[in-house]
There are 2 protein chains.
Amino acid sequence: MSQNYCVIMAGGVGSRFWPFSRTNRPKQFLDFFGTGRSLLQLTYDRFRKIIPAENILVVSNVIYKDTILEQLPELNENQVLLEPHRRNTAPCIAYAMNRIKAITDKANIIVAPSDHLILKENEFIDVLKEGLEFVENNDSLLTIGIKPSRPETGYGYIQINDGEGNLRKVKTFTEKPNAELAKVFFETGEFYWNSGIFLWSLSTIDNAFERLLPDVASKFSAGKNLFNTQDEQNFINEIYPTCINISIDYGVMEKADNVYVLCADIGWTDLGTWGSLYEMSNKDENQNVALKCKTVFYESTDNIVALPQDKLAVIEGLSGYLIAESDNVLLICKKDEEARIRQFVNDVTVMFDGEFQ
Amino acid sequence: MSQNYCVIMAGGVGSRFWPFSRTNRPKQFLDFFGTGRSLLQLTYDRFRKIIPAENILVVSNVIYKDTILEQLPELNENQVLLEPHRRNTAPCIAYAMNRIKAITDKANIIVAPSDHLILKENEFIDVLKEGLEFVENNDSLLTIGIKPSRPETGYGYIQINDGEGNLRKVKTFTEKPNAELAKVFFETGEFYWNSGIFLWSLSTIDNAFERLLPDVASKFSAGKNLFNTQDEQNFINEIYPTCINISIDYGVMEKADNVYVLCADIGWTDLGTWGSLYEMSNKDENQNVALKCKTVFYESTDNIVALPQDKLAVIEGLSGYLIAESDNVLLICKKDEEARIRQFVNDVTVMFDGEFQ
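So, how was this worked out
Sequence order as written defines residue numbering, which begins from 1 separately in each chain. Each chain takes a letter, starting from A, and each ligand takes a number, starting from 1, following the order in which they are written. Per-residue local features of the predicted model are confined to residues with pLDDT of at least 70, and side-chain atom pairs are confined, for both listing and counting, to 80 or more; whole-chain, interface and lining totals are unaffected and use all residues. Hydrogens and waters are ignored; side-chain quantities use all the structure's heavy atoms. In this text, helices come from DSSP runs of H or I with a minimum length of four residues, and strands from runs of E with a minimum of two, each type numbered from the N-terminal end. Note that the radius of gyration is over C-alpha atoms, with the globule rule given as 2.2 Å times the number of residues to the power 0.38. We call a residue buried when its accessible area falls under 20% of the maximum for its residue type, exposed when it is over 50%, and partly exposed in between, using a 1.4 Å probe and counting protein chains only. A contact between two residues is defined here by any heavy atoms of the two lying within 4.5 Å. We get accessible surface area from the Shrake-Rupley algorithm with a probe of 1.4 Å; when it comes to residues, only the shown protein chains can shield them. Note that His is not counted, nor are the chain ends; the positive residues are Lys and Arg, and the negative ones are Asp and Glu. To locate a charge, take NZ of a lysine, CZ of an arginine, CG of an aspartate or CD of a glutamate. Helix axes are fitted only over the stretch in contact, all axes being lines through C-alpha atoms; the angle between N-to-C directions runs from 0 to 180 degrees. Roughly parallel refers to an angle under 35 degrees, roughly antiparallel to one over 145, roughly perpendicular to one between 65 and 115, and oblique to any angle outside these ranges. Take the far helix as your reference; a near helix turned counterclockwise from it by less than a right angle gives a left-handed crossing, and one turned clockwise gives a right-handed crossing. Nonpolar residues are Ala, Val, Leu, Ile, Met, Phe, Trp, Tyr, Cys and Pro. Charged residues are Asp, Glu, Lys and Arg, and all others, Gly as well, are polar. Once two parts are put together, the accessible area they lose, assessed with a 1.4 Å probe and summed over both, is termed the buried area. When a carboxyl oxygen of Asp or Glu is within 4 Å of a side-chain nitrogen of Lys or Arg, the pair counts as a salt bridge. Counting of polar contacts relies on pairs of N or O atoms within 3.5 Å, with two restrictions inside protein: one atom must be capable of donating a hydrogen and the other of accepting it, and residues adjacent in sequence are counted only when both atoms are side-chain atoms. Within this analysis, the arc is defined by the directions that extend from the helix axis to the C-beta atoms. Stacked, tilted and edge-to-face are the three classes applied to pairs of Phe, Tyr and Trp rings, where Trp contributes its six-membered ring and a pair requires centres within 6.5 Å; stacked means planes under 30 degrees apart, edge-to-face means over 60, and tilted covers the rest. Each ring is checked for a lysine NZ or an arginine CZ that lies within 6 Å of its centre and within 35 degrees of its normal; such an atom marks a charge sitting over the ring. Strand pairing requires that DSSP identify at least two bridges connecting the strands. Least squares is the method used to superpose the copies, on C-alpha atoms of residues holding a pLDDT of at least 70 in both.

Brief notes about the overall build of chain A
Right, so step 1: Along its length, chain A carries eleven helices and 17 strands.
Right, so step 2: For chain A, the C-alpha radius of gyration of 21 Å lies close to 21 Å, the compact-globule estimate for 357 residues.
Right, so step 3: Across the 357 residues of chain A, 56% fall into the buried class.
Right, so step 4: Long-range contacts, defined here as pairs at least 24 residues apart, represent 66% of the contacts in chain A between residues at least 6 apart.
Right, so step 5: Summing over all exposed atoms, chain A offers an accessible surface of approximately 14,800 Å²; the carbon and sulfur share of this is 45%.
Right, so step 6: Taking the average place of the 35 positive charges on the side chains of chain A and the average place of its 50 negative ones, the gap between the two points comes to 1 Å.

Encoded structure:
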């Protein structure tokens, strides 16, 4: 029987959550909800329930090594795979896959982001079990699809084939739609959100890389004797800069013909934006959301306020705003202008020479 | 020749500047502009230039004793006069006057609030010198009047008699006017702002109290042998609760017939409200004011932002707001709703059991 592995991708920069997230402390390392556990820790805790600790790998940028080992002391140092550069998810997954290949020749692998929120944990575990069994017995790439609860424009969608049950063949992957298209997707019932959580067997993903990203595959397989040895990091440092910057969705999933989706209701949010955080949070009677901090609102509606835990915000006459403070930065901006946060961070970085980055 | 004395009144609670000011740290003790000196210290520094250190008295509530001695280490402990209760300015001035009477029988006294801002310091010193000379030679109560620069509704006004020069007899005192009346006052050129800075000789103010507030005068004079002795504080603690709560303006100045005003241009602001602070502060090209902190504005106008010195505020799409943070409280409210801050403080005090008072 195959061993089960989990690869947690934790290399994101998360600038969309500035000033909460910073270059040296992206959102996966933050305790967003004041629960005492960061998003990475919550992710690890979930997978730890069905995957042996020694079979969990975390892939991230080399600059986050200490943070990861600090947050996940159960991990051995060699379970943290360090990328010297950001190269999107395809090279990241190729790296982890080659490491696992050096350990075993038969494995089922779950690949997941480290910064998503999953509210229905028991359902999620059941879904993972079902998925692991499926990929063990089928030469298929499996993704977890989420039944949309709204015509969200911030997610990619998956169109499923006709059929019965929760396990369907994928008809098409689509990029983030505009509002009109999202409404159509939402109403047909044929479209699911792409969660970015994937399951496959080692041999299936190996074949997919060889077929669809042969250049990446051959770069990594050139060092096959070096993985899981002292020379692995040097080899990775050498080949990584030469790898194409491409996502697994675009490089593999959208092009492969053996892709299935497991449609699930697991209380999933990718927490990609303040807006999605607002959507999934508890609201008061005026649709205000307070994260961690205490708040008193007067004539204010539809705001999301995120201050440090011990703080109080008193807000009068404000509607539709994001108010976020962390360390030495306070950001106030319209909720529907949050896409400009990247611009703000860039401006501020230039103006203050990186001080508030 | 008389000695010159100065009495600095520093007993205010300053709840209008919450959350900057707190019950245990009213605005006179705050370094509003990041200059390194609090408003009280700036006030002391100004008077110190023409008054000997040992002739400067500070009157305040007993709870601020340590703060005052910490901020003004040049003072002896007995130069800080401690009120056991808040009783407005008339009892406060009667107390200081009786202390001075126990030291000397001939004095010219300047009485001033501790929380005003004066930008033209040299002109102010000249005005004080002129005023001290006037009250030494005239049995008159003198107040400093400020030429209005706008039809402000937040200040009291003084109407002056016809005549020549800057020293005029007062025709009437008026309370804070409504907007319409303020406009008339401003346009006639006959009205000056009441700065709340007074000058008089010891004998003149003594006579005024005996004539206009005989009850207060007799309460204090009953203990005339106790002032400037070890028994002074006990005596004050005893009579203070029985004193009428009344301002010197209402109790004496508005009723006396020997009141003069010295009209001056000294860059004065009473800093009574966020609005007045906004008015007197430097503005950027979009009429935004930043106090101490760094700010980056996008599509934002007419805001005043006061955060701690090391902080950055990034503000998008906001106009006409006050954004103030201090310690564990962030306040965002419309500038023209700032009169409600007292209500906010009261609400918060009840809701959080005094935590953010």
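Some words on the packing of helix 3 (residues 89–103) of chain B against helix 6 (residues 202–212) of chain B
All names here are of chain B.
Right, so step 1: Contact geometry of helix 3 with helix 6 gives a least axis separation of 11 Å together with a crossing angle of 130°. Judged on the interaxial angle alone, helix 6 and helix 3 are oblique. The handedness of the crossing between helix 3 and helix 6 is left-handed. Facing Ala90, Ile93, Ala94, Met97, Ile100 and Lys101 of helix 3, the residues of helix 6 in contact are Leu202, Ile205, Asp206 and Phe209.
Right, so step 2: Here the residues of the contact of helix 3 with helix 6 sort into eight nonpolar, no polar and two charged.

Points about the interface of chain B and chain A
Right, so step 1: Each partner contributes residues to the interface: chain B has 36 residues there, and chain A has 36 residues.
Right, so step 2: Of the roughly 3,000 Å² buried between chain B and chain A on both sides combined, carbon and sulfur atoms contribute 60%.
Right, so step 3: The tally of links from chain B across to chain A stands at six salt bridges.
Right, so step 4: Inspection of the region where chain B meets chain A yields 22 residue pairs in polar contact (both at pLDDT 80 or more).

Some thoughts on helix 8 (residues 232–239) of chain A
All names here are of chain A.
Right, so step 1: Of the positions making up helix 8, those classed as buried are Glu232, Phe235, Ile236 and Ile239. For helix 8, the angular spread of the buried residues around the axis is 100°, confining them to a single face. For helix 8, the exposed residues set more than 90 degrees away from the buried face come down to Asn234 and Glu238.
Right, so step 2: Elements in contact with the buried residues of helix 8: strand 3 (80–83), helix 3 (89–103) and helix 7 (214–221).

Looking at the packing of aromatic side chains
Residue and element names in this part refer to chain A.
Right, so step 1: Using the criterion set out here, one finds 34 aromatic pairs over all chains in the structure.
Right, so step 2: Relative to tryptophan 193, the ring of tyrosine 155 lies with its centre 4.8 Å away and its plane at 70°, an arrangement referred to as edge-to-face. Of this pair, tyrosine 155 sits in the loop between strand 6 (141–146) and strand 7 (157–160) while tryptophan 193 sits in strand 9 (residues 191–201), and the two are 38 residues apart along the sequence.
Right, so step 3: Exposure remark for tyrosine 155: the relative accessible area of 4% places this residue in the buried category.
Right, so step 4: Overall, the relative accessible area of 2% leaves tryptophan 193 in the buried class.
Right, so step 5: A connected cluster of aromatic rings, assembled from ring pairs, spans Tyr95, Phe220, Phe227, Phe235 and Tyr240.
Right, so step 6: For lysine 255, the ring lying beneath its charged end belongs to tyrosine 250, and the centroid distance is 4.0 Å.

What to know about the pattern of salt bridges
Right, so step 1: Evaluation of the coordinates by the stated rule reveals 34 salt bridges over all chains.
Right, so step 2: A salt bridge links arginine 25 of chain A to aspartate 327 of chain A, with the shortest nitrogen-to-oxygen separation between them at 3.4 Å. With arginine 25 of chain A in the loop between strand 1 (3–9) and helix 1 (39–48) and aspartate 327 of chain A in the loop between strand 16 (321–326) and strand 17 (329–334), this residue pair connects regions lying 302 residues apart in the sequence.
Right, so step 3: Exposure remark for arginine 25 of chain A: the relative accessible area of 24% places this residue in the partly exposed category.
Right, so step 4: Through salt bridges with shared partners, a single ionic network connects Glu299 and Glu316 of chain A together with Glu337 and Arg340 of chain B.

What to know about the side chain of threonine 143 of chain B
All names here are of chain B.
Right, so step 1: The topology assignment puts threonine 143 in strand 6 (residues 141–146).
Right, so step 2: Polar contacts involving the side chain of threonine 143 include one to the side chain of asparagine 194, which spans 3.4 Å.
Right, so step 3: Dropping the residues within four chain positions of it, threonine 143 is found in contact with Ile158, Phe173, Asn194, Ile197, Phe198, Met253, Tyr260, Val261 and Leu262.

Concerning the side chain of glutamate 338 of chain B
Residue and element names in this part refer to chain B.
Right, so step 1: Mapped onto the fold, glutamate 338 is located in the loop between strand 17 (329–334) and helix 11 (341–351).
Right, so step 2: Reaching out from glutamate 338, the side chain makes a polar contact with the backbone nitrogen of tryptophan 274 at a distance of 3.0 Å.
Right, so step 3: Not counting the four nearest positions on each side in its chain, glutamate 338 is found in contact with Thr273, Trp274, Gly275 and Cys333.

Digging into the sheet that holds strand 13 (residues 294–298) of chain A
Right, so step 1: Spatially, six strands are ordered 13(A)-15(A)-17(B)-16(B)-14(B)-12(B) in an open sheet, and the strand pairing comes out mixed. Two strands in the sheet have a free side with no partner beyond their single neighbour: strand 13 of chain A together with strand 12 (289–291) of chain B. Each strand of the sheet is rotated relative to its neighbour by a mean of 10°, with strand direction disregarded.
Right, so step 2: Bridge count between strand 15 (residues 312–316) of chain A and strand 17 of chain B: four bridges; the pairing is parallel. Each bridged residue has a counterpart across the sheet, and for leucine 312 of chain A the counterpart in strand 17 of chain B is valine 329 of chain B.
Right, so step 3: Running at roughly 140° to strand 13 of chain A, helix 11 of chain B makes contact with strand 13 and strand 15 of chain A together with strand 16 (321–326) and strand 17 of chain B of the sheet.

As for the relation of the copies chain B and chain A
Right, so step 1: Overlaying chain B with chain A gives an RMSD of 0.1 Å, the required rotation being 179° about an axis along which the chain moves by 0.1 Å. Accordingly, the operation relating the two chain copies is best matched by a two-fold axis.
Right, so step 2: A high fraction, 100%, of the interface residues of chain B reappear at the interface in chain A, so the copies pair face to face through one surface.

Looking at the pairing of strand 7 (residues 157–160) of chain B
Residue and element names in this part refer to chain B.
Right, so step 1: Side chains Tyr157 and Gln159 of strand 7 all project onto a buried face; the interleaved residues Ile158 and Ile160 project onto the opposite face, where all are buried too.
Right, so step 2: Here strand 7 runs beside strand 8 (residues 167–174); their pairing, made up of four bridges, is antiparallel. Residue pairing for strand 8: tyrosine 157 is matched across the bridge by threonine 174.
Right, so step 3: In this structure, the hairpin formed by strand 7 and strand 8 is closed by a connection of six residues, where glycine 163 is found at a positive phi of approximately 150°.
Right, so step 4: Where strand 7 meets strand 9 (residues 191–201), three bridges bridge the pair, whose relative direction is antiparallel. Bridging across to strand 9, tyrosine 157 finds its partner in tryptophan 193.

Read these as layout, nothing more, since geometry by itself doesn't imply function.
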